[in-house]
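One letter stands for each residue in the lines below.
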Amino acid sequence: MSSSSLTLTSDPHHPHQDYDRLKEVKQFDDSKLGVKGLLDSGLASSSSIPLIFHHPPDSQPGPISHTRPTHTHHSIPIVDFSAPKPILTDQITRAASTVGFFQITNHGIPLHVIQRTLAAVKSFNELPADIKTAHYHREMGRGVTFSTNVDLYQSKAASWRDTLQMRVSPVLPNPSDIPEVVREEVLGFLSEGLGVEEGRLKEMTCLEGRTMAAHYYPYCPRPDLTYGLTSHTDPGVVTVLVQNEVVGLQVKVGEEWVDVELVEGAVVINIGDILQIISNDEYKSVEHRVLANPLQEPRVSVAVFCNPSNRDGLFGPLPELVSQEKPARYRQFTLSDYMQRFFKKELDGKTLTNYYRL
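Parameters at a glance
Residues numbered from 1 in each chain as written. Predicted model: local features only at pLDDT ≥ 70, side-chain atom pairs only at ≥ 80, totals over all residues. Heavy atoms only, no water. Helix = DSSP H or I, 4+ residues; strand = E, 2+ residues; numbered from the N terminus. Buried < 20%, exposed > 50% of the residue type's maximum accessible area, 1.4 Å probe, protein only. Areas by Shrake-Rupley, 256 points an atom, 1.4 Å probe, with all protein chains shown as cover. Salt bridge = Lys/Arg side-chain N within 4 Å of Asp/Glu carboxyl O. Phe/Tyr/Trp six-rings, centres within 6.5 Å; stacked < 30°, edge-to-face > 60°. Lys NZ or Arg CZ within 6 Å of the ring centre and 35° of its normal. Contact = heavy atoms within 4.5 Å. Arc of directions from axis to C-beta. Pairing = 2+ DSSP bridges. Axes fitted to C-alpha atoms, helices over the stretch in contact; angles between N-to-C directions.

- Under an unreviewed UniProt entry, the name given to the protein is Fe2OG dioxygenase domain-containing protein, and the source organism is Rhododendron griersonianum.

### Things to note about the overall build of the protein
Here comes step 1: When you go through the protein residue by residue, the secondary structure sums to eleven helices and 14 strands.
Here comes step 2: Taken across its 358 residues, the protein has 51% of its residues classed as buried.
Here comes step 3: Entry remark: accessible area of the protein is about 16,400 Å², with carbon and sulfur atoms responsible for 53%.

### Some points on the pattern of salt bridges
Here comes step 1: Per the counting criterion, the structure on display carries 13 salt bridges.
Here comes step 2: Of the charged contacts, one joins D40 and K36 as a salt bridge, the two residues approaching to 2.9 Å between their closest N and O atoms. Within this pair, D40 and its partner K36 are both found in helix α2 (residues 34-41), separated by four residues, close to a single helical turn.
Here comes step 3: Judged by relative accessible area, K36 falls into the buried class, the value being 13%.
Here comes step 4: Across the salt bridge formed by R329 and D281, the nearest N and O atoms sit 3.5 Å from each other. Of this pair, R329 sits in the loop between β13 (314-315) and β14 (333-334) while D281 sits in the loop between α9 (273-278) and β11 (288-291); the two residues are 48 residues apart in sequence, bridging distant segments of the chain.
Here comes step 5: Residue classification places D281 among the buried positions, given a relative accessible area of 9%.
Here comes step 6: Connected via shared salt-bridge partners are K85, E192 and E198.

### Structural notes on the packing of aromatic side chains
The geometry of an aromatic ring pair is captured by two quantities: the separation of the ring centres and the angle between the planes.
Here comes step 1: The final tally for this structure, using the stated rule, is nine aromatic pairs.
Here comes step 2: Here F333 and Y356 contribute two aromatic rings whose centre-to-centre distance is 4.6 Å and whose plane-to-plane angle is 40°, an arrangement assigned as tilted. In this pair, F333 sits in strand β14 while Y356 sits in helix α11 (residues 351-356), placing the two residues 23 residues apart along the sequence. Taken as a pair, F333 and Y356 share a single burial class, namely buried.
Here comes step 3: Within the aromatic cluster, the residues linked to one another by ring pairs are F333, Y338, Y355 and Y356.
Here comes step 4: The ring of W257 has R289 sitting right over it, with the charged end atom 4.1 Å from the ring centre.

### Quick notes on α2
Here comes step 1: All of the buried residues in α2 are G34, V35, K36, G37 and L38.
Here comes step 2: Elements that come into contact with the buried residues of α2 comprise α1 (21-31), α5 (111-125), α6 (129-132), β4 (162-167) and β5 (209-217).
Here comes step 3: Taken from the residues just after α2, G42 is the one with a positive phi, measuring 85°.

### Thoughts on helix α10 (residues 335-343)
Here comes step 1: If you check which residues of α10 are buried, you get L335, Y338, M339 and F342. The buried residues of α10 all sit within an arc of 90° when viewed along its axis, so they share a single face.
Here comes step 2: Looking at the buried positions of α10, the neighbouring elements they touch are α9, β13, β14 and α11.

### What to know about the sheet that holds β5
Here comes step 1: Spatially, β1-β2-β10-β7-β12-β5-β4-β3 is the arrangement adopted by the eight strands of the open sheet, whose pairing is mixed. Of all strands in the sheet, those bounded by a partner on one side alone are β1 (78-80) and β3 (144-147). For this sheet, the mean angle separating the axes of adjacent strands, direction not counted, is 20°.
Here comes step 2: Where β1 and strand β2 (residues 101-105) come together, three bridges link them in parallel fashion. By the bridge assignment, I78 is partnered in β2 with Q103.
Here comes step 3: Of the strands in this sheet, β1, β2 and β10 (267-271) touch helix α4 (residues 85-98), which is tilted by about 160° from β1.
Here comes step 4: Strand contacts of α5: β3, β4, β5, β7 (238-243) and β12 (299-307), with the helix running at about 110° to β12, the strand carrying the most contacts.

See the structure below:
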């Protein structure tokens, strides 16, 4: 379907009498334009965006000034990876058990590598539409997908971003190509912080299943009506993310939404639901979101989701962390069952941890 034959309702006050959201979602998806294509084709104007992107009134972000707090009681910790090991263990453990997010600096990944990666994602998304549409599909079995929103058909409203997603492993690349910060060190510190052996999480294949998601958030004419990425928690063990200079990522700390400060060259780490379960609630997987981008310059981020590769083994709280004083708070599950449940739901809150909680 070409952009000229695509018609999407934009006015929420005067929608077509026969407005059918699911029908328009499918038309949009079949067009393979993506959000960037909507902008380029003029189907999103300076004052409106298609109704399929309008979130319910009670969950809309509202004016941008209201979603960016000028003051907050919280901040996302920044950890200097060149610090002595005992200090690192303490700082990472404290961050993982409270806000569930932290940034690391002096991690050994050259700045030019991060910048080159983000630039490549930007360049791909800004290719002519006829080139990009050849890559647009949702068949993850092929190892790579390019689409708008993994939960497009399950969500109440679409979000303003396009995503290139790639399964990186369990077909392992050359170990020397995987930055050490992703491969072993962070999990080692997290293991020590739980009081278990340094290699315990690694033994459970917690780094061997990896998926990369490269998000592109173009300019949004109405950031008060939609999101770049709705509030959710990540399903895996840990997520490793790099981002460009355009802000937007926010973390929910208590009842406050806290901006993740932009630190050049820093890597953002957050705890996923599986690690919260494995740690028996010692570590926190917290809700986070990305606001729709009000700037002409796109926001670009690349996340690597680290998951176990053992899909048929049982996962649950580590036996070492269960006692009479602190019984298991979750029942066991297989990764296959867990991921099936994740992909059948929309990205909204912590329904997976709630589902397995005893």
